[in-house]
Each structure stands twice: as C-alpha cells, then as structure tokens.
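# Overview (structure and organization)
Below are the chains, spelled out letter by letter.
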Amino acid sequence: MTFKKVSVIGLGYIGLPTAAVLASRGIEVVGVDVNQSAVEIINAGDIHIVEPDLDIIVRSVVNTGNLKATTKPESAEVFMIAVPTPFKNNHEPDLSYIEAAAKAIAPVLEKGNLVVLESTSPVGATEKLAYWLKQARPEFSFPQDSGDHADINVAHCPERVLPGYVLQELVSNDRVIGGLSKTCSDKAVELYKTFVRGECITTNARTAELAKLTENSFRDVNIAFANELSMICDKLKINVWELIKLANRHPRVNVLNPGPGVGGHCIAVDPWFIVHSAPEQAKLIRQARIVNDSKPHYVISQITEAADQFKKPVIACLGLTFKADIDDLRESPALYIVKELATMNVGDIISVEPNIDMLPDSLQEAGVGIDKFETAIEKANIVVILVDHKEFHECDKTNLSMKVVIDTRGIFV
Ligand code: SAJ
C-alpha cells in the first residue's frame, strides 16, 4: 500500500464515514474538525451524526488506533477536504470553509503531498484551493504552474453518496476524479482504489466539479417536473401518482416523485452553483429551483383552504425531516410548512415524527405539539402527510376515512 497516513478535514456526514472506511483499510487516519465536541465524541469511539452502521465502524477503527480525531492539523501524505459549501444570501457559493481548510493545512504541507477536495464545489473551486495553498506556501511548486512536476498535487473528487446509504455507496459508487495535472489525477486514483470498488474515472478538475453539480441538478429538474405535474393534476382532478406510474411504464420515461418541496443541503443548493456561474444560460436549472421552492407554499395554501371548513381545525402533520427514514431536519420543507402553519395560527398543529425524540425549539415555542401517529390522527380534522416514513406506510389507515387528507407524498393513494 502506497499511502500510510491520510488526513480528513471536516468530520461531518461525508468526512467521518470516509475517514472511518479508509482507517478500516489499515491506513492511519487523522480526522480534523473545528468542532471540539465532535472530536471528543469520535475519540471516545462514538459518533455525532446519524448514519446506519457508522457507529460500529467508527468504534472499531478508534479502538484499533487507526482513526483519531483532532482540532489541529498535522502532517500526512494526503489531505482530503470534506467541508460544507453552502451559499450566501444571493445564492453565491460560499467557499469560506474551503479557504479556512486550505489555511489550516498549509503550515503542515510537505513536498509530495496530495490534497483532494471532496466538497461539492462550483466550477473553479479546486483551482482556487490550489491558489490559496500556493499563497500560504510559496516555496512549493503547484500544478497550476508546474503541471506533472509540482511539489504538491491537487485534485477534485466530489462525494456522491446518498444519506442513509453512505457506507455502501462510498465503496460501490464510481468516482469522478479531476486532477489539476495528470499526476494529480493518477495519485488520487491510487488513493480511492484503496477503498472504492466502483470505477475511478479521470478528467480535469472543472469537469469533475460540473459533473457533480449536474447530477444533483438533473435530480432537481426531474423532481420539479414531478412537482409541476402534481399541481397540473390538482387543477385537472387527476391522480398524479397514477399518472406518473403509467407514464413511467414507457421504457424511456422515469419521472421522480412529487413532494412538499426539495430539502437537504445538496439538491436544493448545488443547482444554484451552476446558475451563479452561467446565469444567462442556466434558465431551466433556475426555473426548477423556483418550482421546487414554491411547492411548500402551494402545500400551505392547500392546508389553509381545508382549514377554512372547520371552526377550530386540528391539523396532524406527519413527518418533519427532509426525507424519509432519517432524522435530519436541515432545510426540510416539512419543517418549514409546519412552522409557517403555526405562525399563521391556522389551527392546532400536532406533529408526528418517529425519528426524533424532541421537537426543535422553534416548533415548541410556536406551540406545535408532538404525538404518536394513532393519537394525532384521532384528534385531527385534517391529516397532512409530509414525509413518507416507513412507519406511515405500515400504519392502520381505517381512521383516515373521516378526515380531510392532504397527501404530498402519495403514500395513501
Ligand atoms: N425528493 C422528492 N422526490 C423524489 C426524490 C427526492 O421530492 O423523487 C426530495 C426528498 O424528499 C428530499 C430532496 O428531494 O427533500 C433530496 O433528497 P434526495 O434523496 O434526492 O437527495 P439527497 O439530498 O439526500 O442526496 C443527493 C444525492 N444525489 C443524487 O441522487 C443525484 C446523493 O447521491 C448526493 O451525494 C447528495 O445529494 C450530495 O451530497 O450531494
């Protein structure tokens, strides 16, 4: 094995599983995070995020000593950067976490090191990373100037794993690797081959950046199409779920599912990176964002219209997370809808969320209750399905016949 010591910068939803999988291959892995409490939790063999089976593998690699976490970077052969890339208010990509990571590792860089950017990034971010590193360590040569003969190699290899399936997909997915030179790509392939069973395909950094953004934008556009269809179907009194099922019987049609909007920190964010870099050209990609962002408001108006029929409406909202069978509330359209309803004083709001123990403060303060499925249904006049958790698929639906049901996920159709 060529690589003996790898450092992973950012121990979140991508960095921690990557660090743990690398460590499980016998590589010494140093995970770096600015969050002291996350570092302590990991060093105790525990995890601070929810992902199936991650706790088992982290415990095991911490016990064998192959993974340790720290807040202070130290020297290594490879640095993998897996930090957030959110956007600012005007949808401009915020690269400040990448810049901070570059500044943090620069003092410990050594000749021959490979730096890989895993964070989903706008086109040009890998070149910027190399530029920040060069600024901090001008005595080294970098691939933007010295190509294959650079002292430090830099590549982009975007993460592509699906939350909930991270450990499987880290190993089985193909990887797109874009080096700033051929040597950068070759070295990165060597690194990923230590744990990836899928293919490692090389290209340049800018193409790799846009490839990742394209994947998430493709999904966003497809979901926007489904969401638009759902609103067209409401107008024409057609069941959108049946419609999509029928259309998808065509061998070359695969429409995704409508929902209450698109959440999470990937699909709802990454298309804006394309729009920001090519605003004149990215008309369809922007429009898809607008359609998906408008869907929660459409659902809210469906609910308020239904609530108008009752003197004191009780509304049961099923699901709060951004998608099914996870505990992640970040950028959740379901959470947004429930919050809005509460502030609009539409009625009594009861939420049901089998994947969390306590409601977030914002909902508690707004007077939203939390209950078990059966009790919430019993009390409610209106039942809104916001997330298709497996518990809701499995529940007894007989009590629903007397209620007004707004099913944004099509689980009761
Ligand atoms: N959604 C729908 N209808 C669908 C599918 C999803 O409304 O048919 C909604 C979900 O409910 C959720 C949102 O879209 O609110 C996003 O969920 P998701 O499962 O589509 O995607 P993420 O954000 O969990 O993960 C995506 C994945 N990208 C693709 O499948 C192309 C994952 O592989 C990426 O690694 C991840 O983004 C990322 O980190 O970029």
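As the structure is a computational prediction, the values presented were derived from the model and not from experiment.

Cut-off values and rules
Residues numbered from 1 in each chain as written. Predicted model: local features only at pLDDT ≥ 70, side-chain atom pairs only at ≥ 80, totals over all residues. Heavy atoms only, no water. Near = heavy atom within 4 Å. Polar contact = N/O pair within 3.5 Å; in protein donor to acceptor, adjacent residues only side chain to side chain. Areas by Shrake-Rupley, 256 points an atom, 1.4 Å probe, with all protein chains shown as cover. Helix = DSSP H or I, 4+ residues; strand = E, 2+ residues; numbered from the N terminus. Nonpolar A, V, L, I, M, F, W, Y, C, P; charged D, E, K, R; others polar. Domains from an automatic or database assignment. Core = buried A, V, L, I, M, F, W, Y, C linked by side-chain atoms within 4.5 Å. Buried < 20%, exposed > 50% of the residue type's maximum accessible area, 1.4 Å probe, protein only. Contact = heavy atoms within 4.5 Å. Disulfide = S-S within 2.5 Å. Buried area = accessible area lost by both parts, 1.4 Å probe. Salt bridge = Lys/Arg side-chain N within 4 Å of Asp/Glu carboxyl O.

For the rest of this paragraph, the subject is the site of the ligand. Taken together, 20 residues lie around the ligand, and Glu159, Val161, Lys212, Arg219 and Phe322 are the ones closest in. Lys212 has a polar side-chain atom sitting 2.7 Å from an oxygen atom of the ligand. Within the contact set of the ligand, a nitrogen atom lies 2.7 Å away from a backbone nitrogen or oxygen of Asn257. In isolation the ligand offers 770 Å² of accessible surface; the protein chains occlude 90% of this area. For the shell around the ligand, the leading source of residues is helix H9 (residues 205–236), giving 5 residues. Split into classes, the residues belonging to the shell around the ligand amount to 9 nonpolar, 3 polar and 8 charged. Residues lining the shell around the ligand come from more than one domain, with at least three contributed by each of domain 1 (5–198) and domain 2 (214–407).

What follows concerns the nonpolar core. Judged by nonpolar contacts, the single largest core of 44 residues is most densely connected at Val6, Leu16, Leu22, Leu67, Met80, Leu191 and Tyr192. Looking at this core, the element that brings in the most residues is helix H1 (residues 15–24), giving 6 residues. Those residues in contact with Val6 that sit more than four places away from it in its chain are Leu22, Ile27, Glu28, Val29, Val30, Ala76, Val78, Met80 and Leu191.

With that settled, consider the state of the cysteines. Tallied over the full model, the rule gives 0 disulfides. Left unpaired, Cys200 is separated from the closest cysteine sulfur, that of Cys157, by 7.0 Å.

Turning our eyes to something else, we now look at the domain arrangement of the chain. Per the domain assignment, the segments making up the chain are domain 1 (5–198) and domain 2 (214–407). If you average the C-alpha positions of domain 1 and of domain 2, the two centres end up 34 Å apart. Contact with domain 1, which involves 14 residues of that partner, is made by 11 residues of domain 2. Here domain 1 and domain 2 share an interface that buries about 1,200 Å² over both sides, 65% of which is from carbon and sulfur atoms. In terms of surface lost to domain 2, no three residues of domain 1 exceed Tyr13, Phe87 and His91, which account for 35% of the buried area on that side. In this structure, the connection of domain 1 to domain 2 is made through 1 salt bridge. Taking the shortest distance from any N to any O, the salt bridge between Arg160 and Glu215 comes out at 2.5 Å. On the surface where domain 1 and domain 2 come into contact, there are 1 residue pair in polar contact (both at pLDDT 80 or more). Taken together, the residues that form the side of domain 1 that touches domain 2 break down as 8 nonpolar, 4 polar and 2 charged.

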